[in-house]
Every structure is written in C-alpha cells, then in structure tokens.
Amino acid sequence: MTTRALHGGAWKQYGVIAAFAVAYLALGLLVRNSYYQLIMTLVLIWATMGLSWNMLSGYSGMISFGQAAFFGLGGYTMTIAFVKFGVTPWIGIPLGVLVGVIAAVIIGIPTFRLRGHYFALSMLAYPLAMLYVFEWMGYQEVSLPMKRENPHAYAQFADPRSYMALAMVLLVAAMIVSLHVERSRFGRSLLAIKQNEPAAEAAGIDAPRQKMYAIMLSAAIAAAAGGLYANVLLVVTPQTMFGMLVSAQALIVSLFGGVGIFWGPVIGAAVLVPLAEILHGELGHIVPGIQGVVYGLAIIVIILLAPEGIYWKLRDRLAPVRRPPSIPRVAAAPAVAAKPPGDAKPVLTLDRVTHAFGGLKAVDDASLLVKAGAIHGIIGPNGAGKTTLFNVINGFLTPATGSIRFEGAELVGRKPHQICRQGIGRTFQVVRAFPRMTVLENVITGAYAGTATDAEAEELALAALTRVGLADEQAYAIAGGLTTKQLRLMELARALAPRPRLLLLDETLAGLGHDALDEILQIIRQVNREGVTIVIIEHTMQAMVKLADEFSVLDHGRLIASGPPAEVVRNRAVIEAYLGKKWMDRVADPVT
Amino acid sequence: MLQIRSLSVAYGGLHALSEVSLDVEQGEFVTVVGPNGAGKSTLFKTISGTVAPVSGEITYKGKSLLAVPPGERAQHGIAHVPEGRQVFASMTVMENLEMGAYTRNGRARWHELLPMIFALFPVLQERREQLAGTLSGGEQQMLAIGRGLASAPELLMLDEPSMGLAPTVVDAIFERIHQIHREHGITILLVEQRVAEALESCDRGYVLETGRVVMQGTHNELMADPRVKRAYLGI
Amino acid sequence: MDAVKWFLIDFLQAFAAGLLVGGTYGLMCVGLGIIFGVMRVVNFAHGDFMMLGMYIAFYLVTGFGILAFMGPYAGPIVGAILAGPIVFVIGWLLHRYLIARVTGVRVVTAEAEGHYAQIILTLGVSLILQNGGLILFGSVPISVQTPLSRESWELGPVFLNQARTVSFVIAVAFALALYFFLGRVRLGKALRAAADNPIAAAYVGVDVDRSHRLAFGLGVGITAIAGGLIASSQSFQPYIGFDFVVVMFAGVILGGLGSILGAFWGGLTIGLVQQMSTLILPYQLQNTAIFVVFLLIIFFWPRGMFGRTWERA
C-alpha cells in the first residue's frame, strides 16, 4: 500500500460524506413538520459540537468538559455583534470563530500544563465562570431581532430547512477537516501523544505545539456551531450557551457514537438528539427533565458496554482483527567476528551528571563515554537509576549538574523532540501500540521528525521495518494481534525510522524466551553493524555479556565500573553491588 | 507448610515464572535469591494473591491457597512484608502496627505481640507517634516487619528487605530477621537479591534465574557454590 | 475615621458569615474528600447527592411532615441529619451495582487514563440525578422553613444568622465525629489505610473493595447532611448541585487531594473567600471569585494545604 493508497481512501470517504449529506437533506425535504425540521437541524449542530470535542479529546486524549466555553463565546460574539452593532451573522459567525480560537490559545497555554483530572476539572471551570460573568453583565436573555426586509442578508430564512442546509454545510466542513486530520501526520501525532506522550516526544513530536493546534481547531468548530445555534434559535441565555449540558452533550454524542473517528459524533447525534428531543416534546410536560435523563443513561450504558463508542463496537464485530502471519525464522547469522578495537571517537559523553528527586540522588556524579559504533550496556541492580539516566539523556529530566554531549553538541536543556531530531532514538519498556492500526501506521509516527512529506515518512518507516525483519505483509498487519516479540521489533522499528545515529534501548530483551531473545539480539547486532551506536539497559546478564562491547555498571546512581564485560564482571565493586558485601567477605575467592 | 508445585505465571506473553516448585516446612527459614528480573517478586505476589498464576498449585497447611481470596490470606496466618516497605505513610508508627493487627489472631494476641515488636525494634517504640512517611528507609523496613509480626503470623514472608537501604542498615535488619526466627520460631520465607545476607541465616535456599529454579540446597551447599555467582553475573 | 470603622465592621461581618458558611462547606468537602482520598474517584455527581440530601430533609420536615411533631426548631435539624443515612444507603447501592464496575483497586493503582471511565460514569449519574430530581421534585425553588433563618444573634457589632450558626455547630460536630471515627475506630482506620496504600492494606487483610463502598456511601451521606443543613438557609432546586460542585472540588484540592480532613479546612477557606469577596466584588460574582481561586490553586498550588508530600510507593 503506497502513499497514494493511504490517501486514496479519502476519495471514497468524500463520496460517503456527500451521499450522507444528500440523503439527509432529501429526508429533510420530505419532512413537513417544522418541529421535526428543527430537530434535524439540531442533530447537525450537535454532531458538529461532537466533532469539536473529538478534535481535542478524542484524538489527543485530553478529556475536556469545557467545550461550552467556545460554543458560548461563538454564540455571544455573533449575538452581540448583531444586536449591538447590526453586524450580520454571515460576518458575526466567523468573528465568533476568531474569538473562540483566541480563547483557546489563552486557555491552552496554562491548562495544558495540567494532567488527568486536574485538566478535566479546570476545563469544567472556564465555561461556568463565563456563565456567571455574562449573567452579571446583564445578558440574562438576549433575543436576536427579526429582519423583515432583506432577511437573507442576516442569515434569516422563512423555511426552517434552509437552516438545516446551513448546518449541513458546517457539519460537512467539520467532517472534512476531521477526516483530513485523521489521515494527516498531525492527527497521527495526536494519536501518538494520546497513546504515550513521552514516547511521542522522544520520536520528535513537539507535543505542546500539537496540542495547541488541536484546541484551536476544536474551538473554531465549537464557536462556529455556537454561532449557528444562536442564529437558529434566535434567543441566547448564559445557561443555554455556557451551561453544563452543552459540554456534556458534546462529550456524550462523541463517546456514544465513537471516539476518535469523525463518523462517531454524527452517529451519536443522529441517535441521541432526536430521541431526547422527541421524548421531551411528547413527555416534557409530565417529565420535564427527560432529556438529561436520556443523555445520562446513554453515557452510563455506553461506558459500561462499549467504552469506545458504537462505531468501534460495530466495526470490531464486523471486521475482526486478523492475526498477522508469524515471522519466518531468521537464518542463523555467522558468528560475529570481534570488532577491531578502533580509535573510535566518543559519540556520547556524560560528564559528572547528577539528578536528584527530592533528596534522593537518582543519578550521582555519573561520567560515561560511549564510543561510536559500539554496543554499550548499562547494567546495575534494581533501583540503580538506569532508566533515570536515559530520561536525563533524552531530555525528559534536566540534570542538576553536569553536561551531556552528543557528537560534540550539548544536550542539556534541549527538549526531547529536539534531541530526537539531533539523531538520538529511544525505545520504551512498555510498548503501547495502536491496536486497530497497521504495523506501518504505528511505526510511521516515528518517521515524521525531519521529513517534509508523508511519502518520505512512509519510505523511512518501511525501511526501518525491513531492518528489523517486519517487512512485506507483516507491515500491513493489524498491530492488535502481535506477539510480544513482534511488538518489541515494532517498537525498535519506530525508534529506527528517523535513522538515528544513537539508539537508546530500554530493556528491549526483558522477559523474552530463548528463541525470541536470540532473534532480537541478531537484529540488534545487525543494526549496529550498519553504523548505529547502541546503548542498552538490560537485566538479563547472559544476553548482555554476549551482546555488549562495553559495560557501565550503575549502583545507587553512581557509576562504579566501566569496561569490557569480562573485566567488569570480575570487578570487586561490581560483584559486591550485585551479590552483596557479605558474599565478598565469605566466599574464598569471588573473582574466579 | 507451604508447598508450591509447577507454578507458572505470565504477564501478557512474558513468562515471569516457569514451572517453579519449592517447599517451606514449618519452623524453617527458607530463602529465594536471584538477580533482577528473575521472578522473585512475582513469586511473592502469587503467594499473596496479587497475581494469579497460569498454572500450578500452591498449598498451605494442606489446603489450596489459590482458592482463598487475596484479602483473606492474611487471616490464614500469612504475613507479607512487601517490597519497598509500603508503610502507611500518612499514619503513625503505632497506627501502622495496629493495622498489622487487623486480623483476628493479631487482635487476640496484641498485648503480647506489641512488647515483642518493641523489644526487637526499640526505635519503633521511641517513634511511635511519628508519621511513618517521615521515617528513614531502615526504620520503615523495621516498621513493615513489625506490622507483619503484629498479625501473629505462622508464615512471615519478606520481599527484598534490603532494597534501597545502606549496607550497615541491611546488616541490622537481617540480624533482626534471624532473631525473629531463632527466638520466636516463626517460619520465614525470604526473597532477596543480596546473596550472602540472605543465605547467611537460612536453613535452605533456592536460586531463581529468569523465572526458573536453577539451584537449590542447604545453607552450606549454597554458600560454597560458585555457580550462584554465575546466575547473577553471567560468567 | 467612620469609613474605616464601617469597613472594619463589614469586614468582620463578612468574616463571620464566611466562617459560618465555611463550616458547612467544610463538611460538604469532607464528603468528597473521603471519596477521592480512598477511591481516587472524581465524583462528578457529588453535588447532586447533596441536592438529594436537601430534598430529603425538605420532605421529612415539610413535604411529608414526618418530623412535624418535633416542632419548627428541631425538625429541620433532625431532618438534615437523617438525610445522611438515607443518602448513605443510596450511595452504597449505587456503588455496589454501578460504580464498582469502573473503579476498584486496579483503577486506584493505574495512571491518569484509568480515571476517564469513572469520571464519565459519574457525569452520567449526575445528569440522571439532576434531571430525575427535576421530574420528581419539580423546578420551583423551595427551602426548608425554620424560624431560625430569620433570626440573628448579636456578637458585638456582628450579626450571626441563627440558622447558619446552628448549621455551623452541627457541621463541626459531624466533622469532629468523622475525625474520631477515622482516628480511633478500627473501621475508620482501615479506610485511611486503604486510602493511603491500597496494596499494603490488602496485605494486612483489609477488604479494599468494601472499604471503597463504605467510603462512597459515607462520602455522599456526609455531604447530604451538609446539604440538609444548607437547605434551611437558602432556597434550592434540582440543579443546585452543580453550583456547588466547583466549590467542593476547589475545597478538596485546596485542602490537599488525599487528605480527608484537609478537605474540611479547604471548604472552610472557600466559604471565607466566597463571603469576603462580597467586600470587593458585586454579589453575583461570588461564585466567579471561587472559580478564579480554584483555577489559581490548580495552577500554582495543586498540592494544597495538607496534600501528600510523598508519593504512594
């Protein structure tokens, strides 16, 4: 499947969208009752809101309860422009979009520094604060004036179905934007951030920037929906524009219909909005809160039974995950001749690096030299600080003292994605794959750094996959069915995709059985022979002893020995670190 | 007292333990040593119920332990002193010990156990109103052991008590553990990375490596055997 | 000089009002604090359980007049207190059949992503409670009538509204009772242990799942009592829960996530902020002041007053 194929599918989707739009509007033409016409319009508006939520929360995983902030700002901008300044909604709505985007930037800068429930709670607070402010400003209820002469210039129409058409235009625009985002590297980057933000950053993705784009786009869509909503209803109140139900509906239609796919909110809105509105219409006078109850029940049922939404549940049922064919055994390579000791220059140097968590020194005055083209092992007992060391090299942690130089350039102070672009790749212990995407699509996120076009990125990804032995049909297999060994290889490919000159491997071999271990060792050696310097953290000593040219031993954050494996393993300090002081004292000659 | 037969545990395709068998007789002090990643903690967690095995059997005092839900295993007389101590940091030393006595037996024998714990670890008595989170690493380890003892256990299991502690502190801790065994006759299963400290007081030991038992023997046999080193350092 | 004196009196009045209101807010926050502290669950629906408490108190006193025999002074108080056990049972059942499905020991030990399902579920519960309340109780604002709400005691230049003062006393009494329960009673200590370190708690034989259920019931029950107390000082309708949710979260975070009793101090502070903000802001922006404080806390002081300074191992 070439790049053309990746994007070729877009035409098919356009077709479906067009068909949907035409069919929907045709249905609208058949409906005579103006109340049902209104419902049909509302479905489209809430679907659009759902897409706005999806853009921020569905794709990048930052759960937002605050879409109402942008919705309300869009609606009120349009309304105030109209009521106070006589500006037509045709201009007012885009103006609202602008306001929404500015608000998104203002909100995003501080709020993105928060995580998890802190983020969700603060997103909750913004629209509520705005609600109170607007109430206080005296905008309890604002009606948009009816323009009898020249209504079309003010986006007012006699036939309610015109509003439906307008809403459809907005929805289709939002759907197309979402479609493109999903298939673009922007969308893939967001997914990568959602899946494992540190891994995404280590692969060269500038996470804060991408998240900012996401919230801006999300706000634009929500503000447009808000402006249109106000235009349709002709009455705005703080409650209907900033209220909790707005944010909740945006979230619920997406969750219900399908998270992370642009059809999701459309399905969700198409099912829930008519249901709620009709029930409200029929029973509203007996059971006045019926809408809220419907949405509440919907969300509970969906979160228990199909947490990712109906779309995915159906798709998984109809197109079950295919298990990829197993990788043919790699033929045993001839024994690797010992590399001639060269005057290999150091490619990575750590100089007296210290990092402390609170009072505890996780890395204590560590100095280390990695020669170009070497396989350098980092070992040490549990809790010695090995992963912390990697995190410091990678840029996730800033050392308190010391310097780290890669090919002569100072790394300290640079962000992880910048370090990736300098030529350092890294694997992570916990491999989080996108289970519904192909191996290639999983790996391609690693190739974005430094490539201009998607075609280039795809080439790099395929090349990396070939290097690890996951070429041809394996590359297009769905990642959900991979074995542990294949997952490790995929992770390795992802790190190799941007063609790093230095590769940091974090426990790539942990827990593998004998055969899998040998295969991966061979692949690592092969990659090394192709010129990639490797630094590897491992516990399994047996494998490391065979693999590494040099070891450095960490204990309690300090580097206690460095050198060829045979020497290091006989070093008294090392034996003591592993087996304990008493062993040294008791056993007659520990250094045998 | 405790019999493990062909225990296999896997996490998502990774074999943490493969066909591990071991025995602990009443009154014995048994040690399990091995390098990182050997599966020692997994073994522990399987016995205390945090992790479920793929296959194999654990029998305690003649009855299957796997049938007992994890929260109830403490009531059966098994005390677990976990890796990393896991004290209740926001509660005082005294409250931690009281929580240790949450079981029926613990409550019944509280009045004789508390003095015993304080005799073993005088520093706990000194600091009994202090918040556990403010104790030093060694003191927290003593607290964790004391908490284990407070449940009036028949089997005391300790998971890497030396982790993160300075060598002199480790010595002190192991002395106490030895004392517990010697003076109070409690059966002990100790899992440890530091070989000599662990083997020093034990009656018998097992060596784990990548999820398998690669050696077993008495105290004397293991102390002298150079193959133990190979299990750790590969050479 | 007079202006200073009047300002001082205003200040004291606002301070006193803030303290009185804060006591009740404190109790409210403690309820949320228990749930968050023990279960690490962000209970979106917490304000709506408070609303339930208010309506239960109302129906006990006025609606069905069950407590009418107690007279207009004692009735509302007893009604507020009785709302507690009733909502406790409701919460207990809700946890058993619904909430336990997306929470539990495995969620507590998971990272932030694990919270996604439970916060959404409680959102659903919130919508149902609010709108169910609308259906059952109607939208007309009501309050629990008590002559105390119209009377004030004088303490120097400051007027202390009697209803609020009584509520304060009872709120503090319950907070103290809870303090005693958590500190001295075995079951309470088990709750603290489960909040502190669920793994170790399981090892010592605490049934962590049952602790969660108890914590949930206790948490919503206590907040319901606070609601019942507030019910005699202000009018309410089924959506009132939402007005208070941010108050509660602000209080809990200010007090320090994970500290059950810190939540009381956090709530007290929020009450003070709310009342004292009227010295400089218009009355309608009271709640906006709380939001601003809330956002400031989240950004600059997320650990709060008594937050854990050590991470759960």
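The preceding data block contains the structure.
Because the structure is predicted, anything quoted here is derived from the model rather than measured.

Analysis parameters
- Residues numbered from 1 in each chain as written.
- Chains lettered and ligands numbered in written order.
- Predicted model: local features only at pLDDT ≥ 70, side-chain atom pairs only at ≥ 80, totals over all residues.
- Helix = DSSP H or I, 4+ residues; strand = E, 2+ residues; numbered from the N terminus.
- Rg over C-alpha atoms; globule rule 2.2 N^0.38 Å.
- Buried ≥ 20, exposed ≤ 12 C-beta atoms within 10 Å, placed from the backbone.
- Contact = placed C-beta atoms within 7 Å.
- Nonpolar A, V, L, I, M, F, W, Y, C, P; charged D, E, K, R; others polar.
- Pairing = 2+ DSSP bridges.
- Core = buried A, V, L, I, M, F, W, Y, C linked by C-beta atoms within 7 Å.
- Axes fitted to C-alpha atoms, helices over the stretch in contact; angles between N-to-C directions.

Draft legend 1. Inspection of the overall build of chain C at higher detail. Looking only at helices and strands, chain C has twelve helices and two strands in total. Starting at the N terminus, the α and β elements of chain C follow one another as α-α-α-α-α-β-β-α-α-α-α-α-α-α. For chain C, the C-alpha radius of gyration of 19 Å lies close to 20 Å, the compact-globule estimate for 313 residues. Once the C-alpha set of chain C is aligned to its principal axes, its extents read approximately 65 × 50 × 35 Å. Out of the 313 residues belonging to chain C, those deemed buried represent 60%. Long-range pairs, those at least 24 residues apart, make up 79% of the contacts in chain C with a sequence separation of at least 6.

Draft legend 2. Seen up close, the interface of chain C and chain B. Opposite the 18 residues of chain C that make contact, chain B presents 22 residues. Those elements that place two or more of their residues in the side of chain C that touches chain B are α7 (186–196) and α8 (198–203) of chain C. A class-by-class count of the residues in the side of chain C that touches chain B yields eleven nonpolar, two polar and five charged.

Draft legend 3. Structural context of the interface of chain C and chain A. At the junction of the two partners, chain C supplies 35 residues and chain A supplies 33 residues. At 16 residues, the largest contribution of residues to the side of chain C that touches chain A is made by helix α5 (residues 115–137) of chain C. Broken down by class, the residue content of the side of chain C that touches chain A amounts to 25 nonpolar, nine polar and one charged.

Draft legend 4. Seen up close, the pairing of strand β10 (residues 533–537) of chain A. Residues and elements named next belong to chain A. For β10, a buried count of five out of five residues is recorded, marking the element as mostly surrounded by other parts of the structure. Side chains T533, V535 and I537 of β10 all project onto a buried face; the interleaved residues I534 and I536 project onto the opposite face, where all are buried too. Note that strand β5 (residues 375–379) and β10 share four bridges and pair parallel. Bridge pairing in β10 links I375 to I534. Bridging between strand β9 (residues 502–506) and β10 involves five bridges; their strand directions are parallel. Within β10, the position partnered with L502 by the bridge is T533.

Draft legend 5. Just the nonpolar core, in detail. A461, L465 and A493 of chain A together with V30 of chain C are the most contacted members of the largest nonpolar core, which totals 385 residues. The element that contributes the greatest number of residues to this core is helix α9 (residues 207–233) of chain A, accounting for 16 residues.

Draft legend 6. Region of the structure containing the sheet that holds strand β11 (residues 550–555) of chain A. All names here are of chain A. Taking strand neighbours across the sheet as the criterion, the six strands line up as β8-β9-β10-β5-β11-β12 in an open arrangement whose pairing is mixed. The outermost strands of the open sheet, each flanked by one partner alone, are β8 (424–426) and β12 (558–563). Going across the sheet, the axis of each strand differs from the next one's by a mean of 15 degrees, ignoring polarity. Direction of pairing for β5 relative to β11: parallel, over a ladder of four bridges. The partner of I378 across the bridge, within β11, is S552.

Draft legend 7. Structural detail: the sheet that holds strand β9 (residues 204–209) of chain B. Residues and elements named next belong to chain B. Spatially, β6-β7-β8-β3-β9-β10 is the arrangement adopted by the six strands of the open sheet, whose pairing is mixed. The sheet terminates laterally at β6 (78–81) and β10 (212–218), the two strands that pair on one side only. The sheet shows a mean angle of 15 degrees between the axes of neighbouring strands, taken without regard to direction. In this sheet, β10 lies alongside β9 in antiparallel orientation, the contact comprising six bridges. Across the sheet, R204 pairs through a bridge with T218, a residue of β10. Against the sheet, helix α1 (residues 40–48) touches β3 (29–33), β6, β7 (155–159), β8 (187–192) and β9, its axis set at about 145 degrees to β7.

Draft legend 8. The arrangement of the pairing of strand β6 (residues 401–406) of chain A in detail. Residue and element names in this part refer to chain A. Relative to β6, strand β3 (residues 346–357) is paired through five bridges, and the arrangement is antiparallel. Bridging from a neighbouring strand, T354 pairs with T401 of β6. Where β6 lies against strand β7 (residues 409–410), two bridges are found, and the strand directions are antiparallel. Paired with F406 across the bridge in β7 is A409. Between β6 and β7, which pair antiparallel one after the other, the connecting turn spans two residues, and E407 there sits at a positive phi close to 50 degrees.

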